[in-house]
Amino acid sequence: MLIRLDPASAEPLFAQLAGAVRGAIARGELTAGERLPSARELAESLGLNVHTVLHGYQLLRDEGLVELRRGRGAVVTEAGASGLARLREAVAGVVAEARRLGLGADELTALIRREFS
């Protein structure tokens, strides 16, 4: 799993870290039961404070994507992995329906963006 952070971004580093892990789970790079690097190891490799990494891990825990266990670290949960798998399936269904209706990627993206605003 490759984690890239942008110190110049307005988004806090802990949120960027959580987003990178969230994306890795969504792409299937991390699966249920898989351990994340220890907070100390990850902090050293990214040049972050260990508390920044822990904050990101806690955010993922609060979302149900990882479980934090003393002595075992952060582990991807079954619920987190399967929840994003369901989302991927739903997206595939939406894309199939958009194609059936003759909508292109740009039109579908515009529809999705409107839903987020």
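Scoring rules and cut-offs
- Residues numbered from 1 in each chain as written.
- Predicted model: local features only at pLDDT ≥ 70, side-chain atom pairs only at ≥ 80, totals over all residues.
- Heavy atoms only, no water.
- Axes fitted to C-alpha atoms, helices over the stretch in contact; angles between N-to-C directions.
- Helix = DSSP H or I, 4+ residues; strand = E, 2+ residues; numbered from the N terminus.
- Parallel < 35°, antiparallel > 145°, perpendicular 65-115°, else oblique.
- Left-handed = near helix turned anticlockwise from the far one by under 90°.
- Contact = heavy atoms within 4.5 Å.
- Pairing = 2+ DSSP bridges.
- UniProt positions renumbered as here; feature names shortened; annotations may be inferred.
- Expected span 1.5 Å × (residues − 1).
- Buried < 20%, exposed > 50% of the residue type's maximum accessible area, 1.4 Å probe, protein only.

A short note on the packing of helix α2 (residues 39–46) against helix α3 (residues 50–62)
Reasoning step 1: The contact between α2 and α3 brings their axes to 8 Å, and the two run at 120 degrees. Our classification of the angle between α2 and α3 gives oblique. At the point where α2 passes α3, the crossing takes the right-handed sense. From α2, Ala39, Arg40, Leu42 and Ala43 reach across to α3, where they touch Val50, Val53, Leu54 and Tyr57.

Considering the pairing of strand β1 (residues 66–69)
Reasoning step 1: In this sheet, strand β2 (residues 73–76) lies alongside β1 in antiparallel orientation, the contact comprising four bridges. By the bridge assignment, Val66 is partnered in β2 with Val76.

A short note on the UniProt feature "domain: HTH gntR-type" (unreviewed entry) in the protein chain
Reasoning step 1: UniProt records the feature "domain: HTH gntR-type" (unreviewed entry) at residues 11–79, using the numbering of this structure.
Reasoning step 2: As annotated, residues 11–79 has a helix share of 54% and a strand share of 12%, and its two end C-alpha atoms lie 26 Å apart.

A look at helix α5 (residues 105–116)
Spacing of three or four residues puts side chains on the same side of an α-helix, whose turn is 3.6 residues.
Reasoning step 1: Helix length check: α5 (twelve residues) gives 17 Å between terminal C-alpha atoms against 16 Å at 1.5 Å per residue, within 8%.
Reasoning step 2: Burial analysis of α5 places just one of its twelve residues in the buried class, which makes it a mostly uncovered element.

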